[in-house]
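Below, each chain spelled out in residue letters.
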Amino acid sequence: MIGLRDSVAGRVVLAVISLLVLVFLGMPIVLILVTSFGSDALGSFPPESWTMNWYQQLFADGSRWPAALALSATVAALTTVFSVALGMMAAIALVRSDLPMRSAVYGLVLAPLVIPQVVVALGLFLLFEPAAMLGSPIAIALGHTVLATPIAVMILMATLKGIDERLEDAAASMGAGRLTIARRITFPLAAPGVIAAAIFSFITSFDEFFISQFLSSVDTITLPVQVFNVLQFDVDPTVTAVAALLIAVALVALGLVGLLRRFGTGKQGGLLPVDVPAGGDTK
């Protein structure tokens, strides 16, 4: 690969390969967006004519989509609050303290990202079913928090590592307490990372299916579960409109993250996972 970049022909080949990969990855998204405006009830491509009818049917009287959309938004908002709060506490413990067995704790925090989601969903079902919490938005939000918190932890750890600890030490040397340091220095500097963690937590919850399927009931159905039910028992062209809305939400969220990376101060724009040593200094 390095040799290809040294010649004009090599750069052209790399550009063509990169373009083909991007087209391959983006084509399903383009197909969904285009067919959502097609008049054909079967969603054929390319559409014979164009219409906004499927978007209008989403919010028509008697439609089940608004309730599912509202529930997903509510659950995602609760998940965002839970995961950011837990993620900030975990990130502070992993980055700012001499936590014993730090690598093991970090691996345990990231475990839900490695374990298959259907296994996590089954475990949550067995946890909430005896407590009669199935179908509760709180239970679904807590289940989504299991998946969203590791993502928040990675982002917030990278953010905290980008903050100069000498600022906190200087405030402490002048008599500021821990809460004052956190409120006046740490949290304001970490704001871009907190917002990014909140955005990714919201997306994780809003699009999550397996946990929602296991923990939902007849009266509480999230948007992904509603899409699955419709595609399983019927062919509803409004699904393409729903999918287009989900794509739009993801693109808007990624755009916000891009703005944070561009205009964030210092190193707080870094959103990559960080390595946690087994012990000792984390700087």
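Everything discussed here concerns the structure shown above.
From a predicted model like this one, the values you see are computed outputs, not experimental measurements.

Quick notes on the rules
- Residues numbered from 1 in each chain as written.
- Predicted model: local features only at pLDDT ≥ 70, side-chain atom pairs only at ≥ 80, totals over all residues.
- Heavy atoms only, no water.
- Axes fitted to C-alpha atoms, helices over the stretch in contact; angles between N-to-C directions.
- Helix = DSSP H or I, 4+ residues; strand = E, 2+ residues; numbered from the N terminus.
- Parallel < 35°, antiparallel > 145°, perpendicular 65-115°, else oblique.
- Contact = heavy atoms within 4.5 Å.
- Nonpolar A, V, L, I, M, F, W, Y, C, P; charged D, E, K, R; others polar.
- Patch = residues over 30% accessible without salt bridge, like charges linked within 9 Å, V, L, I, M, F, W, Y side chains within 5 Å.
- Areas by Shrake-Rupley, 256 points an atom, 1.4 Å probe, with all protein chains shown as cover.
- Salt bridge = Lys/Arg side-chain N within 4 Å of Asp/Glu carboxyl O.
- Buried < 20%, exposed > 50% of the residue type's maximum accessible area, 1.4 Å probe, protein only.
- Expected span 1.5 Å × (residues − 1).
- Arc of directions from axis to C-beta.

### A word on the packing of helix α7 (residues 165-173) against helix α8 (residues 178-189)
In helix packing, the relevant descriptors are the interaxial angle and the interaxial distance, both defined with respect to the helix axes.
Logical step 1: One way to put it is that α7 packs onto α8 with a least axis distance of 10 Å and a crossing angle of 170°. Relative to α8, the element α7 lies roughly antiparallel. Contacts from Leu167, Glu168, Ala171 and Ala172 in α7 reach Ile181, Ile185, Thr186 and Leu189 in α8.
Logical step 2: Here the contact of α7 with α8 is composed, by residue class, of six nonpolar, one polar and one charged.

### Considering a nonpolar patch on the surface
Logical step 1: A cluster of nonpolar residues, Val13, Ile17, Val21, Phe24 and Leu25, forms a patch on the protein surface that exposes about 500 Å² of accessible area.
Logical step 2: Mapped onto the elements of the fold, isoleucine 17 is located in helix α1 (residues 8-35).
Logical step 3: Taking relative accessible area as the criterion, isoleucine 17 reaches 42% and is therefore assigned partly exposed.

### Overview of α8
Logical step 1: Helix length check: α8, at twelve residues, gives a terminal C-alpha distance of 15 Å against a target of 16 Å (1.5 Å per residue), a fit within 8%.
Logical step 2: What α8 keeps buried is the set Ile181, Ala182, Ile185 and Thr186. In an axial view of α8, the angular spread of the buried residues amounts to 130°, which keeps them on one side of the axis. Away from its buried face by more than 90 degrees, α8 exposes Leu179, Arg183 and Arg184.

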